[in-house]
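Inside the fold
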Amino acid sequence: ARNKDRQGEQSWIGVEIWRRAIELLPDPIRGRKGSFVGHSLIRALTFFGARKQRGDSGRLMASTTTGKRKGSTCGEQGGVDGDSQSGKATRSSIPDLPEDILFRIHSLLPMREAARTACISPTFFQSWRCHSNLLFTKDTIGLKRGACGENFDDKIDRILRNHSGCLKTFNIDYYGTRGFTGTSYFDRWLQIALKPGIEELTLVLSETKRKYNFPCSLLSAGVRNSLRYLRLQFCALHPTVELGPLRSLKSLYLWRVSITWNELECLIFNSLTLELLDLISCPEIECLKLPCALQRLSALSVLACERLKVIESKAPNLSGLYLCGNWLDFSLVETLPIKELELQQTNLIRDARAKLPSLMPNIETLAIQSSREVVDAPMLPTKFLHLKHLTITVRSGAIVSRAYDYFSLVSFLDASPSLETLILDVTQRRMVHKSIFADSQLRHMPEHHHGHLKNVKISGFNSAKCVVELTCYILKNAVSLECLTLDTIYGSRCDDQGEDNWCTPMTDGILMEIPWALLAIKTHIENKVPPTVHLTVLEPCSKCHANGLERVLSQS
């Protein structure tokens, strides 16, 4: 059985190698009938694909350990014998390609498959020892769920001690491991990885009482010239004025990193090619100043930096802004270039409707996430003239001081004449609104035709009267509407992610409301849907929510 599994693995690796090889061929070679290399590769790929579909398991190559040329993975010249009708390879399955092409093919394989391939071929073993992209995660290392960090460290250390050559990508991610113990290795690992030519560095650690201090001294001139992507998580970063310019750095992610504003300022002023800056839960940052020298900066994300009160930006091309936390003062931000904005804050809707049209008149994409709203959205004359995509999330928790009037969100629709896509999340963990079945007399707003709105999705749809009124308003006034999706739950669904995942869990209050929501759609929505509109109603997942729904309904 073990030999059979190994043969099957070799067959799969062969298919992957041929696919990558054909991708490498220039179009003239790939499409030229008279090309021996192109023709051999295509025949080989067809051969392996046919065998894999039949369930046969065969050797990856006729000679993986012997060859006629130094470093060759082939025992004979040529490819698969095209005259063979029995499905057997009478020649070497790999054409006699130059070694640099074989190395290039190997470098394109995912890391785990590259390592498995190295076990069955001397040429690919040589390539593996100088593999330029090393991504160490629980999955690529092959550890089981909940594996100990000690096993993780040992495997990484053995690979790096035997590695030679320059790295382009170095990624260590301890997510999903137990017993984080790797700090004793990090300095040595980074000395191996941080050499001229490195382009991407990711260091995702586990949370510990004492954070690992990233050694800025290893950022030599050669490293600073090539490094394009830097992501650090759960560590400390203390750059000094001696740090030289990072001439190629485009993306900087600092998540739960211990760094002061003065240190971040030093880093930013040495990263003038920066295009994206992402800060999450950096508790020591109190202000953020972005100079006009950041000509390429286009996206800024700041989430859960509790002490941050002021953002000052003179970056002329900052077009995307993503903020979570306290409402920040935009008076020191160049807001005219901003086209994409995402805000997460308590009691946000009213201020967003009142202030954003004048602050950011060129905005095209707006996402607002709020909770515990105490004031409904006001009807105002100001407009979002260029807004095309709008997402509003107003979820109510278990404790609600007042029932928010979702019908007031019509104010955003009327203010957005160019709107094309609308996504709403009106989930209520506990139903506090007046039901449509308690009062079926719908309120009416003056007609305001929306000629561009094509797609609408409402998650957490329920039988609240104000939610039904908002839906009916959209059906009546969105004259170009093509698709309306009413989802009775919220969050992700297992179908969106694959068979091994689960839908977002639902509280009993949400599950108890679902039958009423479906009845509200049937009695008050379906008869108002024009024939040109495709209505999709999403019920709870039969795999993830069936047991909970049955339990809740049996108790009611």
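Structure report, in brief. Counting starts from 1 at the beginning of each chain's written sequence and moves along it residue by residue. Where local features are concerned, this predicted model is filtered to residues with pLDDT of at least 70; where side-chain atom pairs are given and counted, the filter is 80 or more; whole-chain, interface and lining totals use all residues. Only hydrogens and water are removed before side-chain values are computed, so all heavy atoms of the structure are retained for them.

Before going further, it helps to spend a moment on the nonpolar core. Ranked by internal contacts, the top residues of the largest apolar core, which has 122 residues, are Phe136, Phe170, Phe214, Leu254 and Leu288. In this document the domain limits rely on a domain assignment from an automatic tool or a database. Residue contributions to this core reach at least three from each of two domains, namely domain 1 (132–338) and domain 2 (352–555). Here, residues are in contact when the closest pair of their heavy atoms is within 4.5 Å. Contact partners of Phe170, with chain neighbours within four places excluded, come to Leu134, Phe136, Leu160, Trp189, Leu190, Ala193, Ile198, Glu200, Leu201 and Thr202. Buried Ala, Val, Leu, Ile, Met, Phe, Trp, Tyr and Cys residues form a nonpolar core when they are joined through side-chain atoms within 4.5 Å. For the exposure calls, accessible area comes from a 1.4 Å probe over protein chains only, and a residue counts as buried if that area is under 20% of its type's maximum, exposed if over 50%, partly exposed in between. Counting eight residues, the second largest nonpolar core, distinct from the first, contains Ile489, Tyr490, Leu511 and Val552.

Secondary structure elements are defined from DSSP: runs of H or I of at least 4 residues count as helices, runs of E of at least 2 residues count as strands, and each element is numbered from the N terminus. Of all five residues that make up strand 8 (residues 276–280), four are buried, and the element is covered over most of its length. Strands qualify as paired when DSSP identifies two bridges or more between them. Where strand 7 (residues 251–255) lies against strand 8, five bridges are found, and the strand directions are parallel. Each bridged residue has a counterpart across the sheet, and for Trp255 the counterpart in strand 8 is Ile280. When the strands point away from the viewer, a crossover counts as right-handed if the route from the first strand across the helix to the second turns clockwise. In this fold, strand 7 hands off to helix 11 (residues 261–269), which returns the chain to strand 8; that crossover is right-handed. Relative to strand 10 (residues 299–303), strand 8 runs parallel, the two sharing five bridges. By the bridge assignment, Leu276 is partnered in strand 10 with Ala299.

Note on definitions: the grid is 1 Å and covers protein atoms alone; a cavity is a set of points where a 1.4 Å probe fits but cannot get out; a pocket is an open set with protein on both sides within 12 Å along at least five of seven lines; lining residues have an atom within 4 Å of a point. Grid points are joined across faces, edges and corners, and a volume is the space filled by probe spheres set on the points. Evaluation of the coordinates by the stated rule reveals three cavities of 30 Å³ or more. The space that makes up the largest cavity amounts to roughly 90 Å³. Gln428, Gly460, Asn462, Ile510 and Glu513 are the residues nearest the centre of the largest cavity, which is lined by 13 residues in total. Gly falls in the polar group here, along with every residue not listed as nonpolar (Ala, Val, Leu, Ile, Met, Phe, Trp, Tyr, Cys, Pro) or charged (Asp, Glu, Lys, Arg). For the lining of the largest cavity, the per-class residue count stands at four nonpolar, six polar and three charged.

Before going further, it helps to examine the side chain of Ser459. Here Ser459 lies in strand 17 (residues 455–459). Apart from residues lying up to four places away in sequence, Ser459 is in contact with Leu424, Asp425, Val426, Thr427, Asp487, Ile489 and Tyr490.

With that settled, consider a nonpolar patch on the surface. Here, patches come from residues exposed beyond 30% relative accessible area and free of salt bridges, joined within 9 Å for like charges and within 5 Å for nonpolar side chains (Val, Leu, Ile, Met, Phe, Trp, Tyr). Every accessible area reported is derived by Shrake-Rupley at a probe size of 1.4 Å, with residue values counting cover from the shown protein chains alone. Salt bridge, as used here: a side-chain nitrogen of Lys or Arg that lies within 4 Å of a carboxyl oxygen of Asp or Glu. On the surface, Phe437, Trp516 and Leu519 cluster together to form a nonpolar patch covering roughly 290 Å² of accessible area. Among the structural elements, Phe437 can be located in the loop between strand 16 (421–425) and strand 17.

Moving on: helix 16 (residues 508–525). Each residue after the first adds 1.5 Å to the expected span of a helix. Its 18 residues place the ends of helix 16 25 Å apart at the C-alpha level, agreeing with the 26 Å of an ideal helix rising 1.5 Å per residue. In helix 16, a bend of some 35° at Ile514 exceeds every other bend along the element, and Pro515, a proline, comes one to four places later. Where helix 16 is buried, its residues touch helix 14 (465–477), strand 18 (483–487), strand 19 (534–538) and helix 17 (546–555). Bend is the name given here to the angle between axes fitted to two runs of seven residues, the run ending at a residue and the run starting at it.

On to the layout of surface pockets, then. Each pocket or cavity is described by its volume, and for the largest pocket that value is around 490 Å³. Every element with two or more residues in the lining of the largest pocket is listed here: helix 5 (111–118), helix 6 (122–128), helix 7 (138–141) and helix 8 (149–161). At five residues, the largest contribution of residues to the lining of the largest pocket is made by helix 5. Per-class residue counts for the lining of the largest pocket are eight nonpolar, four polar and five charged.

The subject of this paragraph is the pattern of salt bridges. Counting across every chain of the model gives 10 salt bridges. Here Arg116 makes a salt bridge to Glu113, at a shortest N to O gap of 3.0 Å. With Arg116 and Glu113 both in helix 5 and three residues apart, this pair spans about one turn of that helix. Sharing partners across several salt bridges, the network here consists of Asp157, Arg161 and Arg188.

Attention now goes to unusual backbone geometry. Positive phi is not limited to glycine here, since Phe234 has a value of about 60°. The topology assignment puts Phe234 in the loop between strand 5 (229–233) and strand 6 (235–236). Overall, the relative accessible area of 13% leaves Phe234 in the buried class. Here the phi dihedral of Arg256 falls at roughly 50°; this positive angle occurs in a residue that is not glycine.

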